[in-house]
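Single-letter residue listing:
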Amino acid sequence: MLKNFHRIFSIVASVILVFLILVGLSWHYVSNEGEQLSRIPEAKISRGAGGAFLPTRDAVQWGLAAINAPAAWHVTTGSAEIVVAVIDSGIDYTVPELSAMMWKNPGEVPGNGVDDDKNGYVDDVFGWDFRDDDPSSLTGTPLYWHGTFVAGLIAATFSPFTGTGGVAPGIRIMDLRFLDSRGFFYTSDWDKLIRAIDYAVENGARIINLSIYSSVIPPAAVQRALRRAVEKGVLVVGIAGNAGSRVGYFGRWPEVVAVGAVDEEGRVPSFSNQGPEVALSGPGVDVVSLGPSGLPRTASGTSFAAPYVAGVAALLLSISPDLSPAELVVFLKGTARDLGKPGSDYGTGAGLVDAAAAVEAVRLSIGKSEIFSE
Ligand SMILES: [Ca+2]
Ligand SMILES: [Ca+2]
Ligand SMILES: [Ca+2]
């Protein structure tokens, strides 16, 4: 009995030791010594450590590696000043990897029944639930997983256990719930969507991630709302859609940066809609992120390609907050990695978004010439 216990104990200890070695090997310590950079990220993507530990590309899920996020993190993991509004199915903000990244309305006292900041929404703390017309995605009708998954791809804290994490874990996420408990919206919902877009703009978001699409032509009032957003400096990142056909709405409109999906080999999956509107592509086949309760899950769709682009755009704004939506698009497309036949194409647009190259291009443009590579 005692012998068995010792044997089991020693096996368990060996397994733990091997695991710790593997985890240790997969982490890369970034020393501040001799660094000219002032933007070495703090311990935002390690839990509780005092130094600047950054995961290397072999420690992260393929999507983050494919867009060169780990190299970009040497420059920035994102600024808390930059807010990305996720108009989606709501976010489970109790997930530990997300809760610290939630935007908090600075002028609102939670739960007092008063619209303290007088923005028209009572007790709107992390955003607004336009589906239920109440302050929280976690009250009223049940949450669909999609929005949490998208938010995780943009800004979740890196987990060394699953390799999951967001492109820009230093930024803030605004939760604007629009889709219902099955991930749908209806033609009676256009006003909700317009209100959500206006909310994002009026409450300080710099990027809207719109991983939703419409099977009917949306009313012009929705396009006008998106135009208001762009004119006020908000980048709208949308999707090509998943019908295996032409780019749908909202990605078909020029106000929206339409993102197509690619797989780990850079191929366009059959579902990813194509057309001249496709600006860029992002990882969108078997990508891994968080579902409600924080459990990792895998999903495919252009919905999950767009957040990679939104995340990279958020990194760019973090180092150069005055960039306009048009300038962001120039940097994103100009640094994308060309796929398929040379030049822009209907499947991948300018190519796969590249976080490290885009961040470096913006840094060079603002006169900070240090070049960093892994
Ligand atoms: Ca309010
Ligand atoms: Ca209040
Ligand atoms: Ca609710």
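Residues numbered from 1 in each chain as written. Chains lettered and ligands numbered in written order. Predicted model: local features only at pLDDT ≥ 70, side-chain atom pairs only at ≥ 80, totals over all residues.

Some words on the pairing of strand S7 (residues 235–239)
For a regular strand, the rule is simple: side chains alternate between the two faces of the sheet. Counted only if it meets this: Three classes are used. A residue is buried when 20 or more other C-beta atoms lie within 10 Å of its own, exposed when 12 or fewer do, and partly exposed in between, with C-beta atoms placed from the backbone. Numbering of helices and strands starts at the N terminus; helices are DSSP runs of H or I of at least 4 residues and strands are runs of E of at least 2. Only strands joined by at least two bridges in the DSSP assignment are considered to pair. Here the term right-handed applies to a crossover when the path leading from its first strand over the helix to its second strand runs clockwise, the strands being oriented away from the viewer.
Within S7, five of the five residues are buried, which leaves it mostly tucked inside the rest of the structure. Side chains Leu235, Val237 and Ile239 project from S7 onto one buried face, and the interleaved Val236 and Gly238 project onto a second face that is buried too. Note: strand S6 (residues 207–209) against S7, three bridges, orientation parallel. Directly across from isoleucine 208, in S7, lies its bridge partner valine 236. A crossover connection joins S6 to the parallel S7 through helix H7 (residues 220–231); in handedness this β-α-β unit is right-handed. Of the pairings in the sheet, the one linking S7 to strand S8 (residues 257–262) comprises three bridges and is parallel in character. Considered in S8, the bridge of isoleucine 239 is made with valine 259.

Comments concerning the packing of helix H8 (residues 302–319) against helix H10 (residues 355–365)
The description of two helices packed together rests on the angle between their axes and the distance between the axes. Under the convention used in this document: Between the N-to-C directions of two axes lies an angle of 0 to 180 degrees, each axis being a line fitted to C-alpha atoms and, for a helix, fitted only over the stretch in contact. For this classification, under 35 degrees means roughly parallel, over 145 means roughly antiparallel, 65 to 115 means roughly perpendicular, and everything else is oblique. By definition, turning the near helix anticlockwise from the far helix through less than a right angle yields a left-handed crossing, and turning it clockwise yields a right-handed one. By the convention adopted here, residues make contact when the C-beta atoms placed from their backbones lie within 7 Å. Residues are sorted three ways: Asp, Glu, Lys and Arg are charged, Ala, Val, Leu, Ile, Met, Phe, Trp, Tyr, Cys and Pro are nonpolar, and all the rest, Gly among them, are polar.
Packing of H8 against H10 leaves a shortest axis separation of 10 Å and a crossing angle of 25°. Taken together, the axes of H8 and H10 are roughly parallel relative to one another. The two elements H8 and H10 meet at a crossing, and its hand is right-handed. Facing H8, whose interface residues are Val312, Leu315, Leu316 and Ile319, H10 presents Ala355, Ala358, Val359, Val362 and Arg363. Of the residues in the contact of H8 with H10, the class split is eight nonpolar, no polar and one charged.

Points about the nonpolar core
Quick note on the threshold: Nonpolar core, as used here: buried Ala, Val, Leu, Ile, Met, Phe, Trp, Tyr and Cys residues forming one set through C-beta atoms within 7 Å.
Ranked by internal contacts, the top residues of the largest apolar core, which has 111 residues, are Val84, Ala200, Val309, Val312, Ala313 and Leu316. Take this core: its biggest share by element is 13 residues, from H8. When neighbours within four sequence positions are excluded, alanine 200 is seen to be in contact with Ala85, Met174, Leu176, Ala205, Ile208, Ala229 and Val234.

A few points about the sheet that holds S7
Strand order in the open sheet formed by seven strands is S4-S5-S3-S6-S7-S8-S9, with parallel pairing between adjacent strands. Whereas interior strands pair on both sides, the edge strands pair on one side only; in this sheet they are strand S4 (127–129) and strand S9 (278–283). Taken pair by pair, the neighbouring strands of this sheet meet at an average axis angle of 30°, ignoring direction. Bridge count for S4 against strand S5 (residues 172–177) is three bridges, and the pairing is parallel. Across the sheet, the residue bridging to aspartate 129 is arginine 177, located in S5. Across the face of the sheet, helix H5 (residues 146–155) comes into contact with strand S3 (83–88), S5 and S6 while running at roughly 160° to S3. Against the sheet, helix H6 (residues 190–202) makes contact with S3, S4, S5 and S6, and its axis sits at roughly 155° relative to S5, the strand it touches most.

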